[in-house]
Structures are given as structure tokens and as C-alpha cells.
Amino acid sequence: MSSCKSTFTGVDTKPKLGTAAGAPYEDSTRYRSLAGALQYLTFTRPDITYAVQQVCLFMHHPRVEHMNALKRIIRYIQDTLDYDLHLYHSSTSTLVSYTDADRGGCPDTRRSTSGYCMFLGNNLISWFAKRQSTLSHSSAKAEYRGVANVVFESCWLRNLFLELHCPIQKATLVYCDNVSAIYLSGNPVKHQCTKHIEMDIHFIREKVLCGQVRVCHLPCRYQIADIFTKGLPSVLFEDFRESISV
């Protein structure tokens, strides 16, 4: 595909693919080999993390439509061969993260996809895109699980920098675009409706109370983590890609 027609994004904005999309692909070994190679590329290309995560869901039984989605990623890479993750000289005193969840996006299980990105100063140092292990019955619960994921990661990073004798004194800022999830992090008034995420509620609230984490609201237009949870229009995708220093 060295001379293939390029594309502006690695994934389209159509509904997500399911396990029964089209006829079975005849060479599943080739599919798994290509998907595995793309997983390695995400180490320096966070902009394709969501697209690669989606095609990796079907490694066990790929279909033609899944292979077409994988080829689209390759077409996007062909157009952006000179792109990679850039790191800059920056302050290490602040840890800022963005988290989002695409509620019920999986057409087969109706489970949500969580995604986050975390910045140390101006540099992207951690990112994540994964389908949630359990079903969420509301967008607040799906988003709150996403907040829990990024708080777990921030605690690990704070401990790491403490061991490196570079402690982060300021609270980690967690930006979320769901108001209900933000309310839950500060005052768990809905315990009776959220028993299955009660451990996450207590954990996040404990970190908020001790001053290690602050969960803040962010308008959807500026939610950088959207690039890890859903297909975006090319203009928005390019804007967010620049925001994560790719």
C-alpha cells in the first residue's frame, strides 16, 4: 500500500463496527500481524490509538469490513509518515489530564469506551483507550469510570516522581465534560443508584479531599480525550492531534 490513496483521519465518524460486519476475512493471520504491528506504532503515534484499539477487538475472527478499517489506518499513516510524538523542555510541576467515555458505543455489548491523556507540563506522557469491562446504564457512570482510570494513573505517576525525588506539589487536574461525574467526585449523593461503582466513588473522593486531585468541567469542544474514544471530523481531529503534540 505504499502508493495508496491517503486519508485525513485513521477512523471515520460512522457507527462502530460489530463482530458480524460483512463476510469473514480469508487471511486472519495477516490481519493479526498487521494489527499487532500497528500496536507498536501507538508508542509514538497516540493519534491512532483509538483506531488501532478498534481493529484489535476483532483479532479472533476478523471480517472484510474490519480489514477495510485497518487499511484506512495504513492510508492515514501513509499521509502522515513524518509525524510522531514531540517532547519539549517544560516544567514538571503540573500534571493535567483529560478523560472521556463514549457511552454504549460497542454495537455488540453496548459497553463504553474509555479514553484519557495525561500531560506533564506541556508534554503528553500517558494515554489510554479501552473498552470498559462492564456495562454502564448512564453516561455519568461511564464517564465516572473514565475518571477513575485517570486518577489511578495519576496516583501511580505521582508516586513515581516522588521516588525520583521530583515530587509534584500541585493537585492533578482532571478535566471531564460530564457534570454528574464531577458532582459524584465531590459529594457522593447518589450512592443508592451507583452501588456497583461505589469503590471508585470512595477512591476518587478520598484523593479529592486530600488535595491530590481536582476534577473540573470542560466543554465538549475542548475535550482532547475525544480523540481516544470516537471517530472525529477531520477539522476537529487535526485540532486535537496538534494539542497532543503529534
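Here is what the cut-offs are and how they apply
- Residues numbered from 1 in each chain as written.
- Predicted model: local features only at pLDDT ≥ 70, side-chain atom pairs only at ≥ 80, totals over all residues.
- Heavy atoms only, no water.
- Helix = DSSP H or I, 4+ residues; strand = E, 2+ residues; numbered from the N terminus.
- Buried < 20%, exposed > 50% of the residue type's maximum accessible area, 1.4 Å probe, protein only.
- Core = buried A, V, L, I, M, F, W, Y, C linked by side-chain atoms within 4.5 Å.
- Contact = heavy atoms within 4.5 Å.
- Phe/Tyr/Trp six-rings, centres within 6.5 Å; stacked < 30°, edge-to-face > 60°.

A.B. asks: Sorry, what's going on with unusual backbone geometry here?
C.D. replies: Most peptide bonds are trans, and most residues other than glycine sit at a negative phi. Its identity is not glycine, yet His165 carries a phi of approximately 60°, on the positive side. Residue placement: His165 occurs in the loop between α4 (139-163) and β4 (172-176). Since its relative accessible area comes to 71%, His165 is described here as exposed. Positive phi is not limited to glycine here, since Ser245 has a value of about 65°. Residue position: Ser245 is located in the segment after α7 (234-243).

A.B. asks: I keep staring at the nonpolar core and nothing clicks. Help me out?
C.D. replies: In a soluble, globular protein the nonpolar side chains are often hidden away together inside. With 35 residues, the main nonpolar core has Tyr31, Ile73, Tyr98, Cys117, Ile227 and Ile244 as its most contacted residues. Breaking this core down by element, the ones donating at least two residues are α1 (28-41), α2 (49-56), α3 (64-79), β1 (95-102), β2 (113-120), β3 (123-131) and α7. If you tally residues by element for this core, the top one is α3, at five residues. Non-local contacts of Tyr98, meaning those with residues more than four positions away in its chain, are made with Gly115, Tyr116, Cys117, Phe119, Tyr175, Leu218, Tyr222, Gln223, Ile224 and Ala225. Within the second largest apolar cluster, 21 residues are counted, among which are Tyr144, Leu157, Ile204 and Val215.

A.B. asks: Help me out: how do you make sense of the packing of aromatic side chains in this one?
C.D. replies: The geometry of an aromatic ring pair is captured by the separation of the ring centres together with the interplanar angle, meaning the angle of the planes. Within this structure, the stated rule accounts for five aromatic pairs. On the numbers, 5.6 Å between centres and 80° between planes, the contact of Tyr76 with Phe237 is edge-to-face. Of this pair, Tyr76 sits in helix α3 while Phe237 sits in helix α7, and the two are 161 residues apart along the sequence. We note that Tyr76, like Phe237, is buried. When the centroid spacing of 6.0 Å and the interplanar angle of 85° are considered together, the rings of Tyr98 and Phe119 count as edge-to-face. A residue pair is termed long-range when its members are at least 10 positions apart, and Tyr98 in strand β1 and Phe119 in strand β2 qualify at 21 residues. One aromatic cluster is present, built from ring pairs that chain together Tyr98, Phe119 and Tyr175.

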